[in-house]
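Commentary on secondary and tertiary structure
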Amino acid sequence: MPIIKNVLEDYYDAVFDTNRDKALDVIQKAREKGVLPEDIVFEVVVPAIERMLSDLTTSHDATLAQHFICSKVSAEVTDAMVPLFRQEQIGRGTVILGTARGDFHGLGKKIVGGCLKANMFVVEDLGINVTPEKFVDEAQRLSAGVIGVSSMMVHSAKGDDGARGVRKLLDQNNLQEKIKLVVGGAPYRFDSHLYESVGADGWADNAIEAVKIIDTLMK
Amino acid sequence: MPINANQRFNALMQGEIPDRVPVVCNLFEQGARELGMSIETYYSRGEYVAQGQIKLQEKYGYDNIWGTHYTAQDCEMLGSKKTIFVEDGPPNVGHLILRSEKDIERLTIDESLLETKPFLELLKTIEIIKREKGDQCPVLSAVIASFSMPPILMGMDKWLDLLLTGSVKIRNLLLKKCSDFCIMKTKALFNAGVDMVSYSNPVATASFLSLEQFKTMALPWINRDINTLGPQGIVYFNGGGLLNPMIDTIIENTGVGAVYIHPMDDIRQAKEIIGGRALLAASINDIPLIKWSNDDIDREVKRIMDAGKEGGGFIFGTLSMPFGISHDKIKTMLEAAVRYGQY
């Protein structure tokens, strides 16, 4: 499928250059040439995300701007393509995302949400400053398999109103097997064991790794 | 006779080797704990912050004193109606003032902002600490670079959206207003008597942007922010992102006298890039200080000193020390910095 290969290369270059308009133009032109919506998502968007992970881990030079555009465009393209699929896809599960209570930083969570959507997860983004009760209530209401709690600040990462509070509620309600807890954000990057001390089942250093960890926890 | 912190910094700035590496310690909300009050009460009056900062400096003996409050205070000056205070961390912006292009157009930057209560309280703090401690140690304050100010006015995701995919005209309008604010506040801080201003620019670091993006998008605004008043007394602070790839361009374009790098930046590499053109401040990774043992802290301080102190021109620093770091850990870190920083 050389045409798909070319589309992937052009799309990836555009995302890497943080050029959203060019990336969307590549997709538009591919559609005009008859590339199927399923192939756009599974042969272009998802491999582009995978490649960004690879570039990140081998060269360490991917920036937050690149992550942001990759996530944003991935979500936009996926949202546009999925209704055009010939067969309905089997979803990979529902993920509840939000930033911990007392924390108003929403960027990381937003990037994770975009990458998850492109990978066929249903994402419910609760926004910023979310209480542990709301995380757990929404997870139960939507039968989510994973709660993702983002924190940019040490006190919101370690405090009882953040992931630790969610863990407590999950344990109190015997939901620990049904709903897994993942965390992310700067404090976890500075201290790679912090996730264990707040009772999370896993953490991710970036949005693309988050997809892999959430996928593993869902299984 | 031992020299004081002012003399230590002066020696450094004149290219001399002082008695030891100066130590900058960024303790902010910890001042509330010293006074036995909540963080919200602490920040309600400039006098409290001054007392708290003086107590902290005298208790630990580091080489600076902070004449600054918290980042969200800039938003309050610009009309933000809500700041969220917590018991164990810095205050957060609870009301983003820019929600539309119209809001950006309506945003007004003028000298009346310097008459708002938040800024007047800050001036009180500076006046007291300058009077009480100014003859002994440099008074530092802080501004946010124009390029990194929009996230606290509109949210980081909205800012990246505007920056990378939005209208260039609106983006430049916003950055011009943020730059005007930055310049005005910097000037007012120096007029109030601070010795150094930390210019914090997290969005213009290698964690967010490629070097090419930095040069085309951020650099023109950095030049405007700094060069309008001149680089005297400006410390270019990483703000939480990797800085090494940008250092050469920053020094070449602004002539700033000090660059304050991120804990994940390579200290030896930074020193090589700077090549004696500016002072280098290196940060310890202060989040793990919460749980590190005294031996861990000692080892890490030694590593930083070994990498940076040779030949002078070097400052040991921290990022924003989390509230959860115990007194003993702070003391251990600072004692190690004095011990390993000796020349």
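Some words on the overall build of chain A
The helix and strand inventory of chain A stands at 11 helices and 5 strands. Here the C-alpha radius of gyration of chain A, 18 Å, is about what a compact globule of 219 residues would show, namely 17 Å. Expressed as a percentage of its 219 residues, the buried residues of chain A come to 54%. Sequence separation of at least 24 residues holds for 72% of the intrachain contacts in chain A that already meet a minimum separation of 6.

What about the overall build of chain B?
The secondary structure content of chain B amounts to 15 helices and 9 strands. Compactness check: chain B gives a C-alpha radius of gyration of 19 Å against a globular reference of 20 Å for 343 residues, within 12% of the reference. On the principal axes, the C-alpha backbone points of chain B span a range of 60 × 45 × 35 Å. Counting across all 343 residues of chain B, residues that qualify as buried make up 54%. Taking the intrachain contacts of chain B between residues at least 6 apart in sequence as the baseline, contacts between residues at least 24 apart amount to 71%.

Side note on the nonpolar core
Grouped together as the largest cluster of nonpolar side chains are 186 residues, with contacts concentrated most on A:Tyr11 and B:Val259. If you count residues domain by domain, this core takes at least three from each of domain 1 (2–84) and domain 2 (94–218) of chain A. Residues contacting A:Tyr11, with those up to four places away along its chain left out, are A:Ala23, A:Val26, A:Ile27, A:Val44 and A:Ala48.

What about the sheet that holds strand E4 (residues 139–144) of chain B?
Residue and element names in this part refer to chain B. The strand order across the open sheet formed by 7 strands is E1-E4-E5-E6-E7-E8-E9, and the pairing between neighbours is parallel. With partners counted over all chains shown, the strands left at the sheet margins are strand E1 (65–66) and strand E9 (314–318), one partner each. Of the strand pairs in this sheet, E1 and E4 are connected by 2 bridges, and their pairing is parallel. Each bridged residue has a counterpart across the sheet, and for isoleucine 65 the counterpart in E4 is valine 139.

Quick notes on the domain arrangement of chain A
Residue and element names in this part refer to chain A. Domains assigned within chain A are domain 1 (2–84) and domain 2 (94–218). Averaged C-alpha coordinates put domain 1 and domain 2 at centres separated by 26 Å. Contact residues are listed per partner, giving 14 residues for domain 1 and 10 residues for domain 2. Elements that contribute at least two residues to the side of domain 1 that touches domain 2 include exactly helix H3 (37–59) and helix H4 (64–81). Within the side of domain 1 that touches domain 2, the residues separate by chemical class into 9 nonpolar, 4 polar and 1 charged.

Considering the packing of helix H1 (residues 2–16) of chain A against helix H2 (residues 20–32) of chain A
Residues and elements named next belong to chain A. Across the interface, H1 lies against H2 with an axial gap of 8 Å and an inter-helix angle of 165°. Here H1 is positioned roughly antiparallel relative to H2, judged by the angle of their axes. At the point where H1 passes H2, the crossing takes the left-handed sense. In this structure, H1 uses Val7, Asp10, Tyr11, Ala14 and Val15 to contact H2, whose residues at the interface are Lys22, Ala23, Val26, Ile27 and Ala30. Among the residues forming the contact of H1 with H2, the class breakdown is 8 nonpolar, no polar and 2 charged.

Concerning the interface of chain A and chain B
Contacts between the two partners involve 22 residues from chain A, matched on the other side by 25 residues from chain B. For the side of chain A that touches chain B, the per-class residue count stands at 10 nonpolar, 8 polar and 4 charged.

A look at the confidence of the model for chain B
Confidence along chain B averages 96 in pLDDT terms, with 100% of residues attaining 70 or more. Predicted as a complex, the structure gets a pTM of 0.88 and an ipTM equal to 0.83.

Focus on the environment of A:Lys134
Residues and elements named next belong to chain A. Structurally, the position occupied by lysine 134 is in helix H6 (residues 132–141). In this structure lysine 134 comes out as partly exposed when scored by C-beta crowding, with 16 C-beta atoms within 10 Å. Once the C-alpha coordinates of lysine 134 and glycine 108 are considered, the two residues, 26 residues apart in sequence, prove to be 19 Å apart.

So, the environment of B:Ser148
Residue and element names in this part refer to chain B. By the secondary structure assignment, serine 148 is in the loop between E4 and helix H8 (150–154). Measuring from C-alpha to C-alpha, the distance between serine 148 and leucine 243 comes to 14 Å, with 95 residues separating the pair along the chain. Not counting chain neighbours up to four residues away, the residues in contact with serine 148 comprise Ser200, Asn201, Pro202, Val203, Ala204 and Gly239.

Observations regarding the pairing of strand E6 (residues 234–237) of chain B
Residue and element names in this part refer to chain B. Burial along E6 is two-sided: Ile234 and Tyr236 facing one way and Val235 and Phe237 facing the other are all buried. Direction of pairing for strand E5 (residues 196–200) relative to E6: parallel, over a ladder of 4 bridges. Within the sheet, the bridge partner assigned to serine 198 lies in E6 and is valine 235. For the crossover that starts at E5, traverses helix H11 (residues 211–227) and ends in the parallel E6, the hand is right-handed. As defined by bridge partners, E6 adjoins strand E7 (residues 258–260) across 3 bridges and the pair is classed as parallel. Note that in E7 the partner of phenylalanine 237 across the bridge is tyrosine 260. With helix H12 (residues 244–254) bridging E6 and the parallel E7, this β-α-β connection has right-handed handedness.

What counts as what
Residues numbered from 1 in each chain as written. Chains lettered and ligands numbered in written order. Predicted model: local features only at pLDDT ≥ 70, side-chain atom pairs only at ≥ 80, totals over all residues. Helix = DSSP H or I, 4+ residues; strand = E, 2+ residues; numbered from the N terminus. Rg over C-alpha atoms; globule rule 2.2 N^0.38 Å. Buried ≥ 20, exposed ≤ 12 C-beta atoms within 10 Å, placed from the backbone. Contact = placed C-beta atoms within 7 Å. Core = buried A, V, L, I, M, F, W, Y, C linked by C-beta atoms within 7 Å. Domains from an automatic or database assignment. Pairing = 2+ DSSP bridges. Nonpolar A, V, L, I, M, F, W, Y, C, P; charged D, E, K, R; others polar. Axes fitted to C-alpha atoms, helices over the stretch in contact; angles between N-to-C directions. Parallel < 35°, antiparallel > 145°, perpendicular 65-115°, else oblique. Left-handed = near helix turned anticlockwise from the far one by under 90°. pLDDT = per-residue confidence, 0-100. Right-handed = clockwise from strand over helix to strand, strands pointing away.

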